Amino acid sequence: MLLTTEVLFHFQRCRRRAFLDSFGDTNQRDPEPEFLLKLQKDSRAHRQATVATMTYCQPNFSPGDWAAGAAATLELMRLGVERIYMGVLAASGPEGFTLVSCPDLLVKQPGESAFGDWLYVPADIRLGRRPKLDYQIMAAFHAFVLESVQEASPPTAALLLREKGTYWVNLATRLPQMQQLVRECAEMLHRHSEPEVFISRHPCSLCHWVSSCSSIARANKHLSLLPGVTHSRYEKLQALNLTSVEALAGAEPEVLEQMPEFAGGVAQQVVLQAQAALQNRALSKIETAPIAGTFPTAPVEFYFDIEAQPELDLVFLHGVLEIDRHANTERFHPLLAKQPSDEGAIWEKFLDVVWAHPDAPVFHFCDYEVQTVKQLAKRYGTPAHLWLPLLSRFVDLHEWVTRTAVLPVDSYALKSIARWLGFQWRAGAANGGHCVVWYDQWLETGNPFFLEAILSYNEDDCRATHLVKDWLASFLLGVGTEG
Ligand code: SF4
């Protein structure tokens, strides 16, 4: 049986993913998320652009035939070519597994190996800017398999990062961590032992088993669906036999908070979270009456949501929903950059819209809008009087909700809360990642369908924010605890 780079990559993020990819029913798999497909496409393009500046040899073999790939790569190594792109390495591993690693590059260096007075070091080309731990573990895996193939330890392994250049992986630290993972992964696959479902935003949101795992978790009312129950906290709860929502709802926070994982108010939060789920209603975290009067409400209010393309460092849409409570009117302002060069123009239009009502609060969800306004002001040299006073009008509804209420939701993201309140997005299960993909498709094809999809998605985000605000205003006044 094979233990590949890909299996190990998924194993370190989620053991169940590695198991299901090997033994799961493929009919239960979701299509790959569009955002993930875009990332993979961008990654391939980046890899090709990087090697286009180098001279290299590429082993010739049919895709998927790893044994032929390993033989062709070995032949190139014996010949002593300077660089091998997309080679395959294979070696024996634990539990009778064959370890198969596919480094992006094998780079020749002076040294002693089975081939003569040269050896190879592995290098992976990464689209990311940071040397994430899972990238480093993969690089250590390449080095480990390569050692068997060339009968000499590679002195290092490299990550070629976008913008940041070469990162040298500390193999002394990463090799033992990787070997432990390889042993555990081989044992799990050998024993055919299926790991328990554990839903967490990362990595589940980009996993093709998420529908199947989520329905299992919901059917079992799994504690991982409660915000705040992380892997490490779940292990502690298991040790205390607090593995059901009912048991956790009846637990004593004072007992839990003895453990560092539940210190700092976490014990109280997770117990309340279980109680909210059990009763299927919102609970108050604090006495709300004294602060109800401080929650902003004004004749005119704005609801604001940004769409951006992080790869291009580009803000392409300011969506602003204007609600005039006195006139009983509402107007959506879709301030869209049809081309990246329009970013500055839509920023100025945004300032015009929000300064048309200088006293109107600007409701948004999470900190992203505030940070982005600061960045845009800096980028475009906006005079301080046009943006600094604006910040004091911003009201972060996520902060208000999480400070005051405990909801029967599986996350405090806008989608979860608004859906609990009955809101439906016209685009179904779409998310911000889809908008990024749609914007790229608009730039590539010029098809207005993609712009319309972005605008309706963003308008729904603004309307969902409005709904959450109205619900919270009632909740703080002591009415309305149901979704
Ligand atoms: S959905 Fe989540 S729990 Fe299920 S396999 Fe994927 S990452 Fe693991």
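Chemist: For the overall build of the protein, give the residues involved together with the corresponding values.
Modeler: Each helix and strand counted, the protein has 20 helices and 15 strands in total. Dimensions of the protein along its principal axes, counting C-alpha atoms only, are 85 × 55 × 40 Å. Looking at the 483 residues of the protein, the share that counts as buried comes to 34%. Of the contacts made within the protein by residues no fewer than 6 positions apart, 65% connect residues no fewer than 24 positions apart.

Chemist: Describe the domain arrangement of the protein, naming the residues involved and giving the relevant values.
Modeler: As assigned here, the protein comprises domain 1 (2–191), domain 2 (221–279) and domain 3 (291–476). Summarising the inter-unit geometry, the C-alpha centres of domain 1 and domain 3 are found 41 Å apart. Contacts between domain 1 and domain 3 engage 5 residues on the former and 6 residues on the latter. Within the side of domain 1 that touches domain 3, the residues separate by chemical class into 2 nonpolar, no polar and 3 charged.

Chemist: Just give me the short version of the site of the ligand, but keep the residues and values in it.
Modeler: Looking at the ligand, there are 13 residues lining it, with C14, R17, C204, C207 and C213 nearest. Of the residues that constitute the shell around the ligand, the class distribution is 11 nonpolar, no polar and 2 charged.

Chemist: How would you explain the environment of P358 if you had to name every residue and give the values?
Modeler: Residue placement: P358 occurs in the loop between α14 (343–355) and β13 (362–364). Counting along the chain gives 132 residues from P358 to L226, while the straight-line C-alpha distance between them is 40 Å.

Chemist: Break down the nonpolar core for me, citing the residues and quoting the values.
Modeler: Formed by 120 residues in total, the largest nonpolar core has its most connected members in A140, C185 and F302. Apart from the residues within four sequence positions on either side, F302 is in contact with V320, L321, E322, V354, A360, V362 and F363.

Chemist: I'd like a rundown of the packing of helix α1 (residues 5–13) against helix α2 (residues 15–23), residues and numbers included.
Modeler: Between α1 and α2, the least distance of the axes is 5 Å, while the angle of their chain directions is 140°. Between α1, through V7, H10, F11 and R13, and α2, the contact on the second element is made entirely by R15, R17, A18, D21 and S22. For the contact of α1 with α2, the class distribution of residues is 3 nonpolar, 2 polar and 4 charged.

Chemist: Please provide a residue-by-residue account of helix α5 (residues 133–150), values included.
Modeler: The terminal C-alpha atoms of α5, which comprises 18 residues, lie 26 Å apart, in line with the 26 Å expected from a rise of 1.5 Å per residue. For α5, the buried fraction is high: 13 of the 18 residues fall into the buried class.

Chemist: Tell me about the sheet that holds strand β11 (residues 314–324), and please be specific about residues and values.
Modeler: Pairing is mixed across the open sheet formed by 5 strands, whose spatial order is β12-β11-β10-β13-β14. The open sheet terminates on both sides in strands that have one partner only, identified here as β12 (329–336) and β14 (394–396). Here the strands of the sheet are splayed against their neighbours by 25° on average, with no regard to which way each runs. For β11 and β12, the ladder comprises 8 bridges, and the chain directions are antiparallel. Paired with D324 across the strands is T329, a residue of β12. Of the strands in this sheet, β10 (300–309), β11, β12 and β13 are in contact with α14, which crosses β11 at around 15°.

Rules of the game
- Residues numbered from 1 in each chain as written.
- Predicted model: local features only at pLDDT ≥ 70, side-chain atom pairs only at ≥ 80, totals over all residues.
- Helix = DSSP H or I, 4+ residues; strand = E, 2+ residues; numbered from the N terminus.
- Buried ≥ 20, exposed ≤ 12 C-beta atoms within 10 Å, placed from the backbone.
- Contact = placed C-beta atoms within 7 Å.
- Domains from an automatic or database assignment.
- Nonpolar A, V, L, I, M, F, W, Y, C, P; charged D, E, K, R; others polar.
- Near = placed C-beta within 6 Å.
- Core = buried A, V, L, I, M, F, W, Y, C linked by C-beta atoms within 7 Å.
- Axes fitted to C-alpha atoms, helices over the stretch in contact; angles between N-to-C directions.
- Expected span 1.5 Å × (residues − 1).
- Pairing = 2+ DSSP bridges.

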